[in-house]
Number of protein chains: 2
Amino acid sequence: MADDSARVLQGLQGLIRDDLERTNRIIMEQLTAEVELIPTLGSHLIAGGGKRLRPMLTLITARMFGYRGEKHALLAAVVEFIHTATLLHDDVVDDSVTRRGRATANSVWGSKAPVLVGDFLFSRSFQILVDHGDLKVLKIIADCCAVISEGEVMQLVVSHDLNLTEERYLQVVERKTATLFAAACRIGAVVSGRSPEEEERMFRYGLMLGNAYQVVDDALDYSSSRETLGKGVGDDFQEGKITLPVIHAFQQGDGEEKAFWRDSLAARDHSPASLARAIALVRERGSLDYAVSRARAFAAMAKEELSTLPPGPERDALRDLADFSVDRSY
Amino acid sequence: MADDSARVLQGLQGLIRDDLERTNRIIMEQLTAEVELIPTLGSHLIAGGGKRLRPMLTLITARMFGYRGEKHALLAAVVEFIHTATLLHDDVVDDSVTRRGRATANSVWGSKAPVLVGDFLFSRSFQILVDHGDLKVLKIIADCCAVISEGEVMQLVVSHDLNLTEERYLQVVERKTATLFAAACRIGAVVSGRSPEEEERMFRYGLMLGNAYQVVDDALDYSSSRETLGKGVGDDFQEGKITLPVIHAFQQGDGEEKAFWRDSLAARDHSPASLARAIALVRERGSLDYAVSRARAFAAMAKEELSTLPPGPERDALRDLADFSVDRSY
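Residues numbered from 1 in each chain as written. Chains lettered and ligands numbered in written order. Predicted model: local features only at pLDDT ≥ 70, side-chain atom pairs only at ≥ 80, totals over all residues.

Asker: Outline the overall build of chain A, supporting the account with residue identities and numerical values.
Answerer: What chain A contains, in helices and strands, is 17 helices and two strands. For chain A, the C-alpha radius of gyration of 20 Å lies close to 20 Å, the compact-globule estimate for 330 residues. Dimensions of chain A, computed from the C-alpha atoms along their principal axes, are close to 60 × 50 × 35 Å. When the 330 residues of chain A are sorted by exposure, 56% land in the buried category. Counted over contacts in chain A with a minimum sequence separation of 6, partners at least 24 positions apart contribute 76%. (Helix = DSSP H or I, 4+ residues; strand = E, 2+ residues; numbered from the N terminus. Rg over C-alpha atoms; globule rule 2.2 N^0.38 Å. Buried ≥ 20, exposed ≤ 12 C-beta atoms within 10 Å, placed from the backbone. Contact = placed C-beta atoms within 7 Å.)

Right, here's the structure in full:
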């Protein structure tokens, strides 16, 4: 499956190679600031091997709709800035040590600078959008940022809480992750001047894609090797995040297993032995398969939204991307 | 002087009582969110006895220019949101324990939630401004937020650095503090539809007022009682912030004194004995008086900007405010 995943991403990149290069140039230009630490810290993460998935959504959506201008590259850069700002703050909030296989900004510079550089990236994003002058795109991004922060607070509130339902978990996923995928897609439609219906379809596509992506991400935390994901296995467990594999394994578990989950996650025993037991239980109870099946359902809904949109290589790539979001590294 | 200070603030509040009440109502309305922790944490700080200095600047500027509408209250609420967001992030970055005489949000809820709620307040501010629909105000706030975060990063970079010059210190002050004062004033002129020259005068007034205010704030950290400021004396010293009293005392100090500053601030010995010595040296070297004289010069420049603006009780209040920014609690 890993080969297929690489093929999907490469296919996507091939369709928008020039756009993506332009976006990368804009990102580096817009990172400039009076204080050298801002571009240094910002580019540590931005240049550090991200997939550029979210800006690619803006670019490829615009191309699918026949957009021939260059403004989409600027907006795609904003999408990546917003993503980077949330990652910087996330890693501080989670005390994360690695991301994308490299040390996090907070483990290099401490937690102070990433908070402030994240703020800078949010602000610079709005500066770019104001200069762009489109209130509609500004609204999409402002709404998106508010929803993301609500989702992050929500996740914080429910951490360590084994009473978390699947429904509530999915609300967190939609807010903290899928919203930016959806905004990225909607912006691609807006910059192309498409109808409200097409905008809405792309928004829904992004939302379902993002849900699938995050649910799989949460499953991979209990299954993949450190190398594949570029971050540690068991991070969520260590941080007391209650994700779908845990919700499922806890609900399916017998009394002794339920007690284990309570003793480890709720009571914050995150020892290596506990993690090993957690991974074993998630596997035994079929909880990874369950999570992947939920993700596959989201991916199917994402593809469904594409059915009436302009056919061609871009739409095919978006369809493949929905599959990739489930199949990657799995 | 304390009585005079109270009189100035009360006089100001009296002129815009209804506006300020409307602003406070809007603040509480706009704090609502799906997750209860957001209004809870947000109102802990917002309802916790701030002076509302920055939103008052927007309100009173608009009234001075004869504005008779109600939109200025909404924009003043945004100004307070931005201020609150920066305070939440500041207190996390500085590990501060008290603010305005109460526990900081991070000392009540830990550092995670304030980072995210700060992000929410930034986002909500932009949502409000997008709904307001005025790109000019959006630009003022977006630029302001970018400059503030640059100033904060700059401050972080120069912390513990006794080579910091007065000039560079003042650059930090202007960026991290005065910029929002200036934006608040400019917005009051913009909402009133005044000329670019009047806008610029109010911006300059706010910038000079903010500089005076922050320079005095930094001096008070080496002089006032904990009760007066609502925060601890010596906070800046503990955090290794190099402020004007220290720059002056270091430059004026003899070899032994210079060694003390290096041993304490640069080498991070923040013991109570060190703090006591620092306070004594700052006093002996006349560094507080020096800082206040610099602040007074900024206040004079602020008042100078007002000279051609519409006379009346509002302009008088702005003039008194410039004096207050120097004389408060001193």
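Asker: So what's going on with the packing of helix H5 (residues 71–94) of chain A against helix H9 (residues 166–191) of chain A? Residues and values would help.
Answerer: Residue and element names in this part refer to chain A. In the contact formed by H5 and H9, the axes pass within 10 Å of each other and the chain directions differ by 165°. By the criterion of interaxial angle, the relationship of H5 to H9 is roughly antiparallel. In the packing of H5 onto H9, the handedness of the crossing is right-handed. Seen from H5, the contacting residues are Lys-71, His-72, Leu-75, Val-79, Ile-82 and His-83; seen from H9, they are Leu-180, Ala-184, Ile-187, Gly-188 and Val-191. A per-class count over the contact of H5 with H9 returns seven nonpolar, three polar and one charged. (Axes fitted to C-alpha atoms, helices over the stretch in contact; angles between N-to-C directions. Parallel < 35°, antiparallel > 145°, perpendicular 65-115°, else oblique. Left-handed = near helix turned anticlockwise from the far one by under 90°. Nonpolar A, V, L, I, M, F, W, Y, C, P; charged D, E, K, R; others polar.)

Asker: Requested: an account of the relation of the copies chain B and chain A, with residues and values cited.
Answerer: Relating one copy of the chain to the other takes a rotation about an axis and a shift parallel to that axis. When chain B is fitted onto chain A, the two copies agree to an RMSD of 0.0 Å after a turn of 180° and an axial shift of 0.0 Å. Viewed as a symmetry operation, the transformation between the two copies matches a two-fold axis. Both copies present the same face, since 100% of the interface residues in chain B are matched by interface residues at the equivalent positions in chain A. (Least-squares fit on C-alpha atoms with pLDDT ≥ 70 in both.)

Asker: Can you lay out the interface of chain B and chain A for me, pointing to particular residues and giving the numbers?
Answerer: Each side of the interface is counted separately: chain B has 36 residues, and chain A has 36 residues. Looking at the side of chain B that touches chain A, the elements that each hand over two or more residues are helix H3 (37–46), helix H5 (71–94), helix H7 (112–132) and helix H8 (135–158) of chain B. If one sorts the elements of the side of chain B that touches chain A by residue count, H8(B) sits on top with 14 residues. Residues belonging to the side of chain B that touches chain A are distributed by class as follows: 23 nonpolar, five polar and eight charged.

Asker: Can you lay out unusual backbone geometry for me, pointing to particular residues and giving the numbers?
Answerer: Residue and element names in this part refer to chain A. Although it is not a glycine, His-160 adopts a positive phi angle of roughly 70°. By secondary structure assignment, the location of His-160 is in the loop between helix H8 (135–158) and H9. Residue His-160 is classed as partly exposed on the basis of its 13 C-beta neighbours within 10 Å.

Asker: Got a sec to walk through the nonpolar core? Specific residues and values, please.
Answerer: Ranked by internal contacts, the top residues of the largest apolar core, which has 230 residues, are Ile141(A), Ala212(A), Ile141(B) and Ala212(B). Not counting residues up to four positions away in its chain, the partners in contact with Ile141(A) are Val78(A), Ile82(A), Ser125(A), Leu129(A) and Ala183(A). (Core = buried A, V, L, I, M, F, W, Y, C linked by C-beta atoms within 7 Å.)

Asker: So what about the confidence of the model for chain A? Which residues, and what values?
Answerer: Residues and elements named next belong to chain A. Per-chain confidence: chain A averages 92 in pLDDT, with 95% of residues scoring 70 or above. Per-residue pLDDT, averaged within each element of chain A, yields its smallest value for helix H11 (residues 226–229) (49) and its largest for H9 (98). Note on the complex model: pTM 0.94, ipTM 0.94. (pLDDT = per-residue confidence, 0-100.)

Asker: Account for helix H14 (residues 255–266) of chain A, with residues named and values stated.
Answerer: Residue and element names in this part refer to chain A. Its twelve residues give H14 an end-to-end C-alpha distance of 15 Å, which sits within 8% of 16 Å, the value for a rise of 1.5 Å per residue. Regarding H14, the residues found buried are Trp-261, Ser-264 and Leu-265. One side of H14 holds all its buried residues, which, seen down the axis, span an arc of 80°. Every exposed residue of H14 that faces more than 90 degrees away from the buried side is listed here: Gly-255, Glu-256, Ala-259 and Asp-263. Among the structural elements, helix H13 (244–252) and helix H15 (272–284) are those in contact with the buried residues of H14. (Expected span 1.5 Å × (residues − 1). Arc of directions from axis to C-beta.)

Asker: So what's going on with the packing of H8(A) against H7(B)? Residues and values would help.
Answerer: For the pair H8(A) and H7(B), interaxial distance at closest approach is 8 Å and the crossing angle is 155°. Taken as axis vectors, H8(A) and H7(B) run roughly antiparallel relative to one another. Crossing handedness for the pair H8(A) and H7(B): left-handed. Contacts between H8(A) and H7(B) involve Leu135(A), Leu138(A), Lys139(A), Ala142(A), Asp143(A), Cys145(A), Ala146(A), Ser149(A), Glu150(A), Glu152(A), Val153(A) and Leu156(A) from the former and Lys112(B), Ala113(B), Leu116(B), Val117(B), Asp119(B), Phe120(B), Ser123(B), Arg124(B), Phe126(B), Gln127(B) and Val130(B) from the latter. Grouping the amino acids of the contact of H8(A) with H7(B) by side-chain chemistry returns 13 nonpolar, three polar and seven charged.

Asker: Go over the environment of Gly210(A) with me, naming the residues and quoting the values.
Answerer: Residue and element names in this part refer to chain A. On the secondary structure map, Gly-210 appears in helix H10 (residues 196–220). Here the alpha-carbon distance between Gly-210 and Gly-193, two residues 17 residues apart in the chain, equals 23 Å. If we skip the residues at most four places from it in the chain, Gly-210 touches Thr-177, Ala-178, Phe-181 and Ala-182.

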